[in-house]
Amino acid sequence: MALRDRFRRLVQKPGTIDLAPYRALVTEASTREARLRDLSDAELTAAALALRPAHLQSHDEPDRDDPDRTAEPRRTPEAGLGAETRRATDVGEEFDLAELCAAGREAARRALGERPFDVQLLGTLGLLSGHIVEMATGEGKTLAGALAAAGHALRGRRVHVMSVNDYLARRDAEWMGPLYELLGVSVGWVGQSSTPEERRKAYAADVTYAPVSEVGFDLLRDRLATTTDELVLPEPEVVLIDEADSVLVDEAMVPLVLAGASEHDPADPVYADLVRRLRPGQHYATDEEGRNVQLTSAGARAVERELGGIDLYSPGNTDTLVAVNVALHAQVLLQRDVDYIVREGAVKLISSSRGRVALLQRWPDGLQAAVEAKEALETSASGEILDSITVQELIGRYPTRCGMTGTALAVAGQLREFYGLEIAVIPPNRPCVRVDEPDRLYATFTDKEVAITEEIAGAHATGRPVLVGTLDVAESERLARRLERAGLTCVVLNAKNDAEEAAIIAEAGVAGAITVSTQMAGRGTDIRLGGTSETDAERVVELGGLLVIGTGRYHSSRLDDQLRGRAGRQGDPGGSVFFTSLEDDLVTQYAPDEESNATPASDGRLDDKNAQWIVGHAQRVAEGVEVEIHRNTWRYNQLIGLQRRAVLAERSQLLRGDHADRLMAERRTAHHAELVKIAGEEAVAEAARQVALFHLDRCWTEHLAYLADLREGIHLRSLGRGLDPLAEFNREAVPAGKKLLGRAVERAVDTFETLTATPDGIDLTAAGLQRPSATWTYLVHDNPFGSLDERALRGLIAMFRRKSRRP
């Protein structure tokens, strides 16, 4: 085994980080534990603070200069401790990692009543080394992460611990708070309802817990600040990502958006009513993957008659054609209780990777409004995008990145390609004894659901708890109704009641419990056998522990593994089994051409290797498509990121110095001097700053809109000419980006020339410097039919089908 591991490391296989240096440090920490137990709390805190290197003992808070600085992970050559551990310590051997582990273990024992296992300390050291740590569900990632965050903080580096939602951010900050206090490290947390002042206070702490989206939104708001007093975020230093695969892969390309109020009209309900009356096959057709829909000739004629005999395709009716197509997409391609739910009079999007409401997430404005019109709801506010950033770009700002999850190896290639991160696989504290059965494959969807119901009923009759993972909200509710008809009571956890998910999922291990859940529900919450009280835990153990049932394969095997991992925590018994069918969406979408000649049994079950291969093939195709879409989108965002950094560098100079005032004085000397003579130098300098910032922000907003239109147009042109869309995009976007700063300066100079001084100062409003009356933040859900990548999906699927063929 050791020889094989060394060979895998030699050829740089993912997940082969050598843990030997970490094990040596943990062993050394154990020898120091007795000495630390004799210390008082105050002495233990002093011992932890003494870990700071000498030149950081009087560490001042980092200033807020250049909050948008992007840097590569630090790689400082140091001696001793092994290669991975050397990378972890910016201050080299001055920082005693063994002492940190010993102090952290003792602090956790006192503050939390939990003595970290050796494997948790291995995880801590992996995080301090700048790796993604893979630890199985229930192995104590939260505590390992807190010790690592404290270690980074004791080095004098501010740490942001990013989670997937408000609940986890607050829970973990408060749960680990006593540990941090005993180690002399301050901690804060940020949530959606936090005020600007609360955010500044939280970010001023050594360690800040926050949802990824909130950090991104704070960054976007800082980028539109007109004074330094408005800034919230400090300079990025260390990010530690909880549920790292979800953040870095599933949500990597989700844009976080800052929008401003505009004059745009909402969707006209007339179009929603019109497309609702169109008939499939006759008036419109969809592609095989269900990603695109278009009017037929008959459909176009029907629409033209309904709209008063117009020519739908004439240049003057372009806006009408777009509105009809968007309404058609909303009506045909987006399904209620699958892609979204309606709750509290609003459309709530469902995260495809987590199966629950995606807070603050929406489709691009036209599509969002069309879905609201489809559901006869009041249209939400729309506006123009002032700035945006992808989750991947947000994470890339941090010089040091690390994270933890239970399922990292499956996406090791993406973590290495897009983030330069390697995986340290931490063994479980106790061996996993969960029994994972082979898939049970059925010919039809109905046969599968009948078999699932029977399996649940059989397990329930013995008292064994069952957790069922479904693919979407509609399926979870359909299965619940089927169970009810069979006389079985279940708890349904899906996007409609996600606020209660942690409490619900925590009781899934109670004897006799049936919990029906969408993917990822309650992630971050332990499922203990016998429930939180662990009543009847011994009985549940005798029954085989928690049984996890998957109602179908997900588009990624990693998500399958996440569901399986809900059972068998900390050496508990457990079991898992997936039910699939040849009519599952995964198969019909990604392997529609594959057929099986096997004859099903009387219950519809297929026990055939070829049929099983089809399901695995479809999943491999789906995984390949997801990676390629990620790669293509990342390539486009690379250029946009470069242009954004140039704009932000200019903006930083305008915000923090006299750059704008000097610029105006150089370009319009006479007018500048005249304004100074009436209004004073300070007032003129501030006016120059506000004028320059306004026009720079305005030009960037216009440039973003231009790039969005350019990308769409490039795609359409390249399809017919066989051109490389990315090359064509860069060919036009690069010159446009180079002109942006010059255009902003010219506009600012022209506006500055019109300024006049009044007894109350210089009137900026009269010069047209009117910023949006309101701004708001949200996440843009991938447009399932309007984006370049999704429209190219058919070609990607075909390519990966060929790659995944049998040898």
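Residues numbered from 1 in each chain as written. Predicted model: local features only at pLDDT ≥ 70, side-chain atom pairs only at ≥ 80, totals over all residues. Heavy atoms only, no water.

Draft legend 1. Here's a closer look at helix α13 (residues 297-306). For α13, the set of buried residues is Gly299, Ala300, Ala302, Val303 and Glu304. In this fold, the buried residues of α13 make contact with α12 (269-276), β8 (293-295) and α14 (318-332). (Buried < 20%, exposed > 50% of the residue type's maximum accessible area, 1.4 Å probe, protein only. Helix = DSSP H or I, 4+ residues; strand = E, 2+ residues; numbered from the N terminus. Contact = heavy atoms within 4.5 Å.)

Draft legend 2. Main features of the side chain of Ser476. Considering the arrangement of structural elements, one finds Ser476 in helix α19 (residues 473-485). Excluding residues within four positions of it along the chain, Ser476 makes contact with Thr470, Val492, Asn494, Val516 and Thr518.

Draft legend 3. Geometry of the pattern of salt bridges. In this structure the tally under the stated criterion is 49 salt bridges. Across the salt bridge formed by Arg32 and Glu28, the nearest N and O atoms sit 3.0 Å from each other. Here Glu28 and Arg32 lie together in helix α2 (residues 20-37), a separation of 4 residues that amounts to about one turn. Look at Arg32 and you get buried, because its relative accessible area is 17%. The exposure class assigned to Glu28 is partly exposed, which follows from its relative accessible area of 32%. For Arg569, the salt bridge goes to Asp526, with nearest N and O atoms at 3.4 Å. Here Arg569 is found in the loop between α22 (557-564) and β21 (574-581), whereas its partner Asp526 is found in the loop between β19 (514-518) and α21 (537-542), with 43 residues between them in sequence. Of the residues examined, Arg569 reaches a relative accessible area of 10% and is grouped as buried. Put simply, Glu33, Arg37, Asp41, Arg105, Glu106, Arg109, Arg110, Arg115 and Asp118 are held in one network by salt bridges that share partners. (Salt bridge = Lys/Arg side-chain N within 4 Å of Asp/Glu carboxyl O.)

Draft legend 4. How the structure looks around the sheet that holds strand β14 (residues 423-425). On the basis of which strands lie adjacent, the open sheet formed by 7 strands has the order β3-β4-β2-β5-β13-β1-β14 and parallel pairing. The outermost strands of the open sheet, each flanked by one partner alone, are β3 (187-189) and β14. Along the sheet, successive strands turn relative to each other by an average axial angle of 20 degrees, direction set aside. Bridging between strand β1 (residues 132-134) and strand β13 (residues 400-405) involves 3 bridges; their strand directions are parallel. (Pairing = 2+ DSSP bridges. Axes fitted to C-alpha atoms, helices over the stretch in contact; angles between N-to-C directions.)

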